[in-house]
Amino acid sequence: MNKLYIGNLSESVTVPELESVFKEWKIPFTGQFLLKTGYAFVDCPDENWAMKAIDTLSGKVELHGKHIEVEHSVPKRQRSRKIQIRNIPPHMQWEVLDGLLAQHGAVESCEQVNTETESAVVNVTYGTKDQARQAISKLNGHQLESYSLTVTYIPDEQAVQQAQEVGRRGFSGRGPPQQGSASPMKQQFDIPLRILVPTQFVGAIIGKEGATIRNITKQTQSKIDVHRKENAGAAEKPISIHSTAEGCSAACRMILDIMQQEAQATKMAEEVPLKILAHNNFVGRLIGKEGRNLKKVEQDTETKITISPLQDLTLYNPERTITVKGSIEACCKAEEDIMKKVREAYENDIAAMNLQANLIPGLNLSALGLFPPSSSTVSPHPVGVAPATPYGPYMAPEQKTVHVFIPAQAVGAIIGKKGQHIKQLSRYAEASIKIAPAESPDTKQRMVIITGLPEAQFKVQGRIHGKLKEENFFGPKEEVKLETHIKVAASAAGRVIGKGGKTVNELQNLSSAEVVVPRDQVPDENDQVVVKIIGHFYASQLAQRKIREILAQVKHQQQQKVQSSQSQSRRK
């Protein structure tokens, strides 16, 4: 791939100036620069020169006071599951890099590329295109040992061939790409737009013999489900729209137009609000700390937005209603902003869930309750990865108690108004959650005591990490790293440490978490000692799982010894 995209350009940049930059750094180019407002394209003689241009110029050369960005030019249709990461610290340990990559999805392969640069370059293949896009979004510009990572797509060769065959025709006359093309893979991980409409408008939305709804479906290339039979006698009915973000928004606008026309014709109401349904798990991130995200949407779109209270949630109805009031134009703009936040939260959770399918074998993802009922396409484990034996070869799930330490000022956020958040989390995870009293008035940390099965621990600890991030107790580019304590039998502590600290060192390299077993501990009344784990959520979860496996193995061996000694006694 030798076509380059040059971004972050000032509007006053000219073609001769771009040519001068390439000549100054002795990077050849073929043909003319294609200059647009804020960006440009150019071809290099081959891929090696394109790579050299990216490594030499991107983020390092300034034009009109702005550092230019140079990367491979990849059309949307050709974006694949493969990405290239450059400017990796040359002495970085592979375990650290693996841990970083795994935060954004299931990594199928990671290969080093030979280059002339001092820093390292790798080609990475993720399980899905969404995971690759998430990795590009999060890793581009990520700082590692004073090196700033540069991440770009590696073009999908099959899509390139299809684009060459189709030329400028776009989709065929039969509609969107057929099975096996890029679109269905994207849609598989899309979240639908769900809206509530007054029951009296449902007939107009469907139209005579379904003509209106078919027209909306055809024009917006979407799949629309009108749930007429749900909640018989209810004043409102849900509608699910499955499409791209643009398709969902276009269909929503057409439905709003129909409702507005019906309301005016029947003189029922001057203004019909837009009501969006969103799973409660995403709403906190939509609202933001002190409601800042929601306030910004209101200000940007000139709308009034309210969200149904937590008390309306039930086990069978985990969705909250987001009511948007304003002009149709304003409501449509608000829908785009709201659903953008919801989709980002959904995609982050999808990536985390797919990662956990590897980190915690036997974890029942569908039981976690993170996704709306309509999102039934979530795979219980990544494609190509066989489900593992639940909880390892020796482990049956057992209730465990884990202590997680949070900033003292964050206690209120975890408890929630009148204890609503912690109560809801306890019910949702089926775990006991208690916050220990402060040891002193000026204590900086408080201990959260969590008792439950491994899945419950995962749910609660994940929500605590997420809540601290949402409420800005950690910086925007700062990882939420918490200290977690688990208790182990004093007789098994040596197995966690290993001979010469070998096991604990391997555990730290594998999980990227800091694992400490204090040597001078005095066992408690239950003859147990504490193992400390410090790290971000995924690192901590992996370390906890591995320690549980070690303890289960020790317990299994002890049981075998007892059985063996009993059988020997019987023989005597």
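About the cut-offs
Residues numbered from 1 in each chain as written. Predicted model: local features only at pLDDT ≥ 70, side-chain atom pairs only at ≥ 80, totals over all residues. Heavy atoms only, no water. Phe/Tyr/Trp six-rings, centres within 6.5 Å; stacked < 30°, edge-to-face > 60°. Helix = DSSP H or I, 4+ residues; strand = E, 2+ residues; numbered from the N terminus. Buried < 20%, exposed > 50% of the residue type's maximum accessible area, 1.4 Å probe, protein only. Axes fitted to C-alpha atoms, helices over the stretch in contact; angles between N-to-C directions. Parallel < 35°, antiparallel > 145°, perpendicular 65-115°, else oblique. Left-handed = near helix turned anticlockwise from the far one by under 90°. Contact = heavy atoms within 4.5 Å. Nonpolar A, V, L, I, M, F, W, Y, C, P; charged D, E, K, R; others polar. Polar contact = N/O pair within 3.5 Å; in protein donor to acceptor, adjacent residues only side chain to side chain. Disulfide = S-S within 2.5 Å. Pairing = 2+ DSSP bridges. Arc of directions from axis to C-beta. Core = buried A, V, L, I, M, F, W, Y, C linked by side-chain atoms within 4.5 Å. pLDDT = per-residue confidence, 0-100.

Undergrad: I tried to follow the packing of aromatic side chains on my own but got confused; where do I start?
TA: For any pair of aromatic rings, the description rests on two quantities: the centre-to-centre distance and the angle between the ring planes. Summed over all chains, the structure comprises seven aromatic pairs. Their ring planes at 90° and their centres at 5.9 Å tell us that phenylalanine 22 and phenylalanine 29 sit as a pair that is edge-to-face. Both rings, one in phenylalanine 458 and one in phenylalanine 537, keep their centres 5.3 Å apart while their planes meet at 40°; by these two values the pair is tilted. Here phenylalanine 458 is found in helix α15 (residues 454-470), whereas its partner phenylalanine 537 is found in helix α18 (residues 537-571), with 79 residues between them in sequence. Given a relative accessible area of 4%, phenylalanine 458 falls into the buried group. Among the residues examined, phenylalanine 537 registers a relative accessible area of 11% and is labelled buried.

Undergrad: Where do I start with the packing of helix α8 (residues 211-220) against helix α9 (residues 245-266) in this structure?
TA: The description of two packed helices rests on the angle between their axes and on the distance between the axes. Look at α8 against α9: their axes get within 9 Å of each other, and the N-to-C directions meet at 150°. In terms of orientation, α8 lies roughly antiparallel with respect to α9. Considering how the two elements wind past one another, α8 and α9 form a crossing that is right-handed. Residue-level inspection shows Thr212, Asn215, Ile216, Gln219 and Thr220 of α8 in contact with α9, the latter providing Gly247, Ala250, Ala251, Met254, Ile255 and Ile258. A class-by-class count of the residues in the contact of α8 with α9 yields six nonpolar, five polar and no charged.

Undergrad: Explain the environment of glutamate 470 to me, please; I cannot follow it from the model alone.
TA: As for its position among the elements, glutamate 470 is in helix α15. Remark: the alpha-carbon pair of glutamate 470 and glycine 284, spanning 186 residues in sequence, is separated by 7.5 Å. A polar contact is formed between the side chain of glutamate 470 and the side chain of arginine 463, at a distance of 3.0 Å.

Undergrad: Where do I start with the state of the cysteines in this structure?
TA: As used in these notes, a disulfide is a covalent bond between sulfur atoms, one from each of two cysteines. If you walk through the whole model with that rule in mind, you get zero disulfides. Cysteine 248 carries a free sulfur, and the closest cysteine sulfur to it, the one in cysteine 252, is 8.9 Å from it. Assessed through its relative accessible area of 0%, cysteine 248 is described here as buried. A disulfide-free cysteine, cysteine 252 has its sulfur positioned 5.5 Å from the sulfur of cysteine 332, the nearest such atom. The exposure class assigned to cysteine 252 is buried, which follows from its relative accessible area of 1%.

Undergrad: Looking at this structure, how should I read the sheet that holds strand β19 (residues 400-407)?
TA: Two strands in a sheet stick together by hydrogen bonds in their backbones, pointing the same way (parallel) or opposite ways (antiparallel). One open sheet holds the six strands; their spatial order is β20-β21-β19-β22-β24-β23, and the pairing between them is antiparallel. The open sheet terminates on both sides in strands that have one partner only, identified here as β20 (432-435) and β23 (514-516). Within the sheet, the average angular offset between the axes of one strand and its neighbour, ignoring direction, is 20°. One ladder, built from eight bridges, connects β19 with strand β21 (residues 445-452); its direction is antiparallel.

Undergrad: Just to check I follow, could you spell out the environment of valine 124 for this structure?
TA: Among the secondary structure elements, valine 124 is positioned in strand β9 (residues 120-126). Owing to a relative accessible area of 0%, valine 124 belongs among the buried residues under this scheme. Distance from valine 124 to glutamine 84, taken between C-alpha atoms, is 6.2 Å for residues 40 residues apart in sequence. Excluding anything up to four places from it in sequence, valine 124 contacts Arg81, Lys82, Ile83, Ile85, Leu101, Val107, Ser109 and Cys110.

Undergrad: When you look at the sheet that holds β9 in this model, what are you seeing that I'm missing?
TA: Ordered in space as β8-β9-β7-β12, the four strands form an open sheet in which the pairing is antiparallel. Each end of this open sheet is capped by a strand with a single partner; those strands are β8 (107-113) and β12 (150-153). Neighbour-to-neighbour, the strand axes of this sheet turn through a mean angle of 20°, independent of strand direction. Relative to β9, β8 runs antiparallel, the two being bridged by six bridges. In the strand pairing of β9, glutamine 112 is matched with valine 122. Along the sheet, helix α4 (residues 129-139) contacts β7 (82-88), β9 and β12; its crossing angle with β12, the most-contacted strand, is approximately 155°.

Undergrad: Just to check I follow, could you spell out the packing of helix α10 (residues 280-287) against helix α11 (residues 292-301) for this structure?
TA: At their nearest, the axes of α10 and α11 sit 5 Å apart, and the two run at 70° to each other. Relative to α11, the element α10 lies roughly perpendicular. For the pair α10 and α11, contact is made by Arg285, Leu286 and Ile287 and by Arg292, Asn293 and Leu294, respectively. Classifying every residue of the contact of α10 with α11 by side-chain character gives three nonpolar, one polar and two charged.

Undergrad: Would you take a moment to explain unusual backbone geometry for this structure?
TA: With the exception of glycine, most residues fall at negative phi, and the peptide bonds are largely trans. Notably, asparagine 87 is not glycine yet its phi reads approximately 65°, a positive angle. With respect to the helices and strands, the residue asparagine 87 is situated in strand β7. Backbone geometry at glutamate 209 places phi at a positive 55°, although glycine is not the residue there. As for its placement among the helices and strands, glutamate 209 is situated in the loop between α7 (202-206) and α8. According to the relative accessible area criterion, glutamate 209 is exposed, its value standing at 70%.

Undergrad: Would you mind going over helix α17 (residues 502-511) with me for this structure?
TA: Each α-helix turn comprises 3.6 residues. Residues three or four places apart therefore point the same way. Buried residues of α17: Val504, Leu507 and Ser511, and no others. Projected down its long axis, α17 carries its buried residues within an arc of 55°, all on one side. Of the residues flanking the end of α17, it is serine 512, one or two places downstream, whose phi is positive at about 65°.

Undergrad: Looking at this model, I keep getting lost on the nonpolar core. Mind explaining?
TA: Counting 42 residues, the largest nonpolar core has Ile195, Ile205, Ile241, Ile255 and Ile338 as the members making the most contacts within it. Counting residues per element, this core draws most heavily on helix α12 (residues 328-359), at nine residues. For isoleucine 338, the residues in contact, after removing those within four places along its chain, are Ile276, Leu286, Val297, Ile305, Ile322 and Val324. Grouped together as the second largest cluster of nonpolar side chains are 40 residues, Phe474, Val480, Val515 and Ala543 included.

Undergrad: I tried to follow the side chain of glutamine 544 on my own but got confused; where do I start?
TA: Within the secondary structure, glutamine 544 sits in helix α18. Here glutamine 461 takes part through its side chain, which lies 2.8 Å from a polar atom of the side chain of glutamine 544. In contact with glutamine 544, other than residues within four places in its own chain, are Val402, Gln461, Thr484 and Ile533.

Undergrad: What's the story with the confidence of the model for the chain in this structure? I'm lost.
TA: In regions of low pLDDT, the predicted coordinates are not meant to be interpreted in detail. For the chain, the average pLDDT comes to 79, and 80% of its residues sit at 70 or higher. Across residues 158-189, where pLDDT falls below 50, the model places 25 contacts with residues more than four positions away in sequence or in other chains. Note that pLDDT drops below 50 for residues 356-396; the model gives that stretch 83 contacts with residues more than four away or on any other chain.

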